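Take a look at the letters that make up each chain.
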Amino acid sequence: VLDFKIERNIKMKKILIAVNLILVTLIVSGCGCSKKEKVLECSSNRENYAISLYFKADSNNKITYFEKKEQISNYNPDLLENYKNNLIFLKNWDDSIDFYDYEYEINDDVISTDLKIDFSKVNHDDLLSAPGLYSKYYDYEKKYFDLNKAIEIYKSDSDYENLQCK
C-alpha cells in the first residue's frame with residue numbers, strides 16, 4: 001500500500017510540473033489572448049460619388065483586411081468613358097495578384113466597384129506595385145500596412161472628401 005501511495009504521489013508531481021510548464025508558457029507567450037481585432041468603417045457621399053471603406057486590423061493597427069466600394073453616377077460621357085478605361089486597367093491587376101479581388105459593374109450611367117484585399121495573405125511587394133494609395137500607408141520598417149496611416153492618407157485625398165469614420 002505504501003508503494004502505491006508513493007507511486008501515485010510521483011505521478012501527481014509529474015502532472016503538476018507539466019501543467020505548471022504549460023501555464024508558464026501560455027502566460028509568457030501571451031497565448032494570443034490580447035490580440036483584439038479592430039473594425040473601422042468610413043464613408044463619403046457626394047452628389048455623383050459615394051464611397052465606403054471597411055478595414056480590419058489587429059491591436060497593433062496592422063491592416064488584415066480591406067474593402068472599398070464606390071458608386072459613380074451621372075458623369076458626363078467623356079469622364080464616364082475615361083473611368084471605364086481605368087476600370088479595365090485595374091481589373092488586369094486583379095488577375096495578377098492573389099488575394100486582391102476587384103469587381104465592377106456598369107449600368108447605363110452608373111458604375112459600381114468593389115475592391116477586396118486580404119492583407120494577411122497578399123504578397124506585399126505585388127500590392128505595392130499596384131495602382132493605389134497602398135505604398136503611402138505601408139510601414140517599410142515594420143513590414144505591414146498601417147491603419148492609422150491609411151485613414152490619414154484617405155482623409156487627405158480629395159477623392160475622399162468628407163470621409164467620416166466610425
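This text goes with the structure placed above it.
Quick notes on the rules
Residues numbered from 1 in each chain as written. Predicted model: local features only at pLDDT ≥ 70, side-chain atom pairs only at ≥ 80, totals over all residues. Heavy atoms only, no water. Disulfide = S-S within 2.5 Å. Helix = DSSP H or I, 4+ residues; strand = E, 2+ residues; numbered from the N terminus. Buried < 20%, exposed > 50% of the residue type's maximum accessible area, 1.4 Å probe, protein only. Phe/Tyr/Trp six-rings, centres within 6.5 Å; stacked < 30°, edge-to-face > 60°. Lys NZ or Arg CZ within 6 Å of the ring centre and 35° of its normal.

A. Quick look at the state of the cysteines. Here the structure, examined in full by the defined rule, presents 1 disulfide. At a sulfur-sulfur separation of 2.1 Å, the disulfide partner of Cys42 is Cys165. Every disulfide takes its handedness from the sign of the S-S torsion; for Cys42 and Cys165 that torsion is 105°, giving right-handed. Of the two residues, Cys42 sits in strand β1 (residues 38-45) while Cys165 sits in strand β8 (residues 164-165), which places them 123 residues apart along the sequence. According to the relative accessible area criterion, Cys42 is buried, its value standing at 2%. For Cys165, a relative accessible area of 27% translates into the label partly exposed.

B. Quick look at the packing of aromatic side chains. Summed over all chains, the structure comprises 11 aromatic pairs. On the basis of an interplanar angle of 70° and a centroid distance of 6.3 Å, the ring pair of Phe66 and Phe119 is categorised as edge-to-face. In this pair, Phe66 sits in strand β3 (residues 63-73) while Phe119 sits in the loop between β5 (110-117) and α3 (124-129), placing the two residues 53 residues apart along the sequence. Each member of the pair, Phe66 together with Phe119, is buried. Between Tyr138 and Tyr140, the ring centres sit 4.8 Å apart and the planes meet at 80°, which makes this aromatic pair edge-to-face. Looking at Tyr140, the relative accessible area reads 48%, which means it is partly exposed. Put simply, the rings of Phe55, Phe66, Phe119, Tyr134, Tyr137, Tyr138, Tyr140, Phe145 and Tyr154 touch in pairs and so form one group of aromatic residues. The ring of Tyr65 carries Lys56 above its face, with NZ or CZ at 5.9 Å from the centroid.

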